[in-house]
Structures are given as C-alpha cells and as structure tokens.
Amino acid sequence: MASLGLGGLGAAARRRSVPARNAAVERRNLITVCRFSVKTLIDRSCFETIDDSSPEFNNFAAILEQILSHRLKGQITWFGYESPRSFWDYIRVACRKVSHDCICSIENMENVSSSRAKGRAWIRVALMEKHLSEYISTALRDFKTTRRFYEDGAIVLGEEANMLAGMLLGLNAIDFSFCLKGEGLDGNFPAVIDYTPYLKFTQSSDSISSDEEELRTLGSSGSEGSTPENIGPPFIMDENSWYNKCKRVEQKYRLALEQKGYLEELVRLRENQLSESVSQNKLLLQRIEDMDLAHKMEKEQLEYIIVELQDQL
C-alpha cells in the first residue's frame, strides 16, 4: 500500500511538472528565436533598407507580437465572459511614462481601427523612432500593470523579460522605413512565425575535420588501384576545407560587427542617461540652494518678529 501511495505521488508530481516544462520550453523558444531574428535584421540592414517588404522584419514583428501576447489575460465582459485582448491594451497603459511617446498619435490614426492593428503600428513607429527598447523597458518596470494584464508564467513576468529589452537595444542602430497604411497592419489575421530561416544546419569545425579525415582515409585506401587521372579528390577536399574556413571567418566577422554596433548603441544610450542624470543633479542642487536661501530669509523674518514682540513686552 505504501509503495502504491508513493507511486501515485510520483505520477502526480510528473503530471504537474509536464505543464511547467512545456511553459519553460515555450518561453525559451520564443526568446531564442527573437535573438536570432534581431541578429538577422542587423545583418540584413548592412546590405539593404529594412521596410515592410523585408521578410526578416515581418518575421521579427510576428515574434515580438507573440512574445507580448504570451499568456495575456482576456478582458472580462459585463456578462462574465472573457473576450480576447491584444497586447496594445497593455502597451498603451504601461508606456504612458515614456517621454514624447507615440501612444496618442497611434490612437488617433484614422486607417487603424482594431487593437491588434494599433499594436502593429506601434511596433513600426517605435522602431523608426529608435525607442522600442525604451518602451519595453518602461513597460516591464511597471510591474503592477504587467501583473494586472498577464497570467503567471508569461514571458514579461519571468527572467526572460530582462533579456528581451537588452536584445531590442541593438535595433536602434538600424534605420527603418515603414508605410503605416500597408497590409502589415491588418488586424484580422494572427501573426505567424516562420522558423525555417533559423533551422539551417551548420556543421561544426570538429565535425568537418573528422569528415575530411575520413575522406582522406578512404582516398588512401583506394589509391593503390587508382590512376594518375583520378587524383582530383584531394584537391577538391582542400578547396572545400579552405571554403569552410573562409565561411567561419566570415561568420566571426559578422558577429564582431553586430557586437560592435550593439556596444556603440549601448554606449550612446548610457551617455544620454549620464547627461540626463547630470542635468537632474544640477536641478536638484539649484533647488536645494533656493530652499536654503528661503529658509534663511524665513529665519531672519522670524527673528525680527521675535525682537519686535520682545520690545512690545
């Protein structure tokens, strides 16, 4: 009986762990594919302008929309039913504190009526203004509002949220150009992620070396019966080896270029934050000096009043 009880407890624990594991995998998949999408956008921007026709951008917009819609709570109606809600309902409330925000202008757009279409327009405007990372950071800092709109296990409530704002910071180095009247703002259809660009198999250098060694072994074993005419494969293998090495160097160069752009944008953001902090510090010092002066004047007036009262007494 005791073993049966322990077996039942173990099965119940496994049943509880499966949904938690699935939720963690879903969050990790979305964050990983978002990181790949940002790198793809940065790489593509080196060769052409990113606009609505770019498949890399359309995929990134779909990924970000699904991240912001992950475990989003529905809206309770008067009859007690739960109606679906768009991530725009959360963004327009949580991002009100952003300076010079575009929330009001998007709300007043005539050709954008649905909540989902307004959210898609906001993504495009924020990218063109180079403030998408700032919007996301501001929204995530408002934890009370975020908790009100999202269920437990949502990406924006987990540790992955801190990674999201840092990833989007690199997009500030790209000059986007969008038309806010195109089909991309159609809110009648959900966003679908295309995973195929990120599922390409890349052979590691160790695997390539082992394959080349195996081919050399096979070539040496069959060299006894070979003729001088068929000595081409070793040359082809060497050419493939150089080609693979060039591809690896090119990948490292592109990665270094992406990191350079990201670090430059991060330095620019930190410099802006430092200048804002210095200006705020100056304002606070000036306010303290003014308050100190007012306090001294008030003290002198009180002392003068006390002297007059003593003379009258």
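Residues numbered from 1 in each chain as written. Predicted model: local features only at pLDDT ≥ 70, side-chain atom pairs only at ≥ 80, totals over all residues. Heavy atoms only, no water.

**Some thoughts on the overall build of the protein**
Moving on, step 1. The number of helices and strands found in the protein is ten helices and two strands.
Moving on, step 2. Along the protein, from the amino end to the carboxyl end, the secondary structure elements read α-α-β-β-α-α-α-α-α-α-α-α.
Moving on, step 3. With 313 residues in all, the protein has 30% of them scored as buried.
Moving on, step 4. For the protein, contacts bridging at least 24 residues in sequence account for 74% of all contacts bridging at least 6.
Moving on, step 5. Total accessible area computed for the protein in this model is approximately 21,300 Å², and 57% of it derives from carbon and sulfur atoms. (Helix = DSSP H or I, 4+ residues; strand = E, 2+ residues; numbered from the N terminus. Buried < 20%, exposed > 50% of the residue type's maximum accessible area, 1.4 Å probe, protein only. Contact = heavy atoms within 4.5 Å. Areas by Shrake-Rupley, 256 points an atom, 1.4 Å probe, with all protein chains shown as cover.)

**Description of a nonpolar patch on the surface**
Moving on, step 1. A cluster of nonpolar side chains, namely Leu302, Tyr304, Ile305 and Leu309, defines an oily patch on the protein surface of about 410 Å² accessible area.
Moving on, step 2. For Ile305, the location among the structural elements is in helix H10 (residues 232–312).
Moving on, step 3. What makes Ile305 partly exposed here is its relative accessible area of 42%. (Patch = residues over 30% accessible without salt bridge, like charges linked within 9 Å, V, L, I, M, F, W, Y side chains within 5 Å. Salt bridge = Lys/Arg side-chain N within 4 Å of Asp/Glu carboxyl O.)

**Considering the pattern of salt bridges**
Moving on, step 1. Counting across every chain of the model gives 15 salt bridges.
Moving on, step 2. The salt bridge involving Glu56 is made with Arg44; its shortest N-O contact spans 3.3 Å. Taken together, the residues Glu56 in helix H2 (residues 55–68) and Arg44 in helix H1 (residues 2–45) connect sequence positions twelve residues apart.
Moving on, step 3. Under the relative-accessibility criterion, Glu56 is labelled buried at 14%.
Moving on, step 4. Close ionic contact of Asp89 with Arg92 constitutes a salt bridge, the shortest N to O distance being 3.8 Å. Here the residue Asp89 and the residue Arg92 both occupy positions in helix H3 (residues 87–94), the gap between them amounting to three residues, near one helical turn.
Moving on, step 5. Residue class for Asp89 comes out buried when judged on its relative accessible area of 15%.
Moving on, step 6. A single network of salt bridges, built from pairs that share partners, joins Arg85, Asp89, Arg92, Glu107 and Lys118.

**Observations concerning the state of the cysteines**
Moving on, step 1. Inspection of the entire model under this criterion finds zero disulfides.
Moving on, step 2. The thiol sulfur of Cys95 is not disulfide-bonded, and the nearest other cysteine sulfur, from Cys102, lies at 8.6 Å.
Moving on, step 3. Residue Cys95 is classed as buried on the basis of its relative accessible area of 0%.
Moving on, step 4. Residue classification places Cys102 among the buried positions, given a relative accessible area of 3%. (Disulfide = S-S within 2.5 Å.)

**Remarks on helix H8 (residues 160–169)**
Moving on, step 1. Within H8, seven of the ten residues are buried, which leaves the element mostly enclosed by the surrounding structure.
Moving on, step 2. Taken together, the buried positions of H8 are Glu160, Ala161, Leu164, Ala165, Met167, Leu168 and Leu169.

**Focus on the side chain of Glu265**
Moving on, step 1. Considering the arrangement of structural elements, one finds Glu265 in helix H10.
Moving on, step 2. Taking relative accessible area as the criterion, Glu265 reaches 6% and is therefore assigned buried.
Moving on, step 3. Reaching out from Glu265, the side chain makes a polar contact with the side chain of Arg268 at a distance of 2.4 Å.
Moving on, step 4. Look past the residues within four positions of Glu265 in its chain and what remains in contact with it is Leu169, Asn172 and Ala173. (Polar contact = N/O pair within 3.5 Å; in protein donor to acceptor, adjacent residues only side chain to side chain.)

**Let's talk about the packing of helix H5 (residues 115–129) against helix H6 (residues 132–141)**
Angle between the axes and distance between the axes are the two parameters that describe a pair of packed helices.
Moving on, step 1. Two elements in contact, H5 and H6, have axes whose closest approach is 7 Å; the angle formed by their N-to-C orientations is 120°. Together, Trp122, Ala126, Leu127 and Glu129 of H5 and Leu132, Tyr135 and Ile136 of H6 make up the contact between the two elements.
Moving on, step 2. Across the contact of H5 with H6, the residue classes tally to six nonpolar, no polar and one charged. (Axes fitted to C-alpha atoms, helices over the stretch in contact; angles between N-to-C directions. Nonpolar A, V, L, I, M, F, W, Y, C, P; charged D, E, K, R; others polar.)

**What to know about the packing of aromatic side chains**
Moving on, step 1. A complete count under the given rule lists seven aromatic pairs for this structure.
Moving on, step 2. For the ring pair Phe57 and Phe178, a centre distance of 4.3 Å and an interplane angle of 35° mean the geometry is tilted. Residue Phe57 is found in helix H2, and its partner Phe178 is found in the loop between H8 and helix H9 (205–221); the two are separated by 121 residues along the sequence. As far as the burial class goes, Phe57 and Phe178 line up, both buried.
Moving on, step 3. Ring plane angle 80° and centroid distance 5.7 Å describe the contact between Trp122 and Tyr135, whose orientation is recorded as edge-to-face. Residue Trp122 is located in helix H5, and its partner Tyr135 is located in helix H6; the two are separated by 13 residues in the primary sequence. An identical accessibility class is assigned to Trp122 and Tyr135; each is buried.
Moving on, step 4. Among the aromatic residues, ring-to-ring pairing joins Phe57, Phe176 and Phe178 into one connected group.
Moving on, step 5. Positioned above the aromatic ring of Phe36 is the side chain of Arg35, whose terminal nitrogen or guanidinium carbon lies 5.8 Å from the ring centre. (Phe/Tyr/Trp six-rings, centres within 6.5 Å; stacked < 30°, edge-to-face > 60°. Lys NZ or Arg CZ within 6 Å of the ring centre and 35° of its normal.)

Read these as layout, nothing more, since geometry by itself doesn't imply function.
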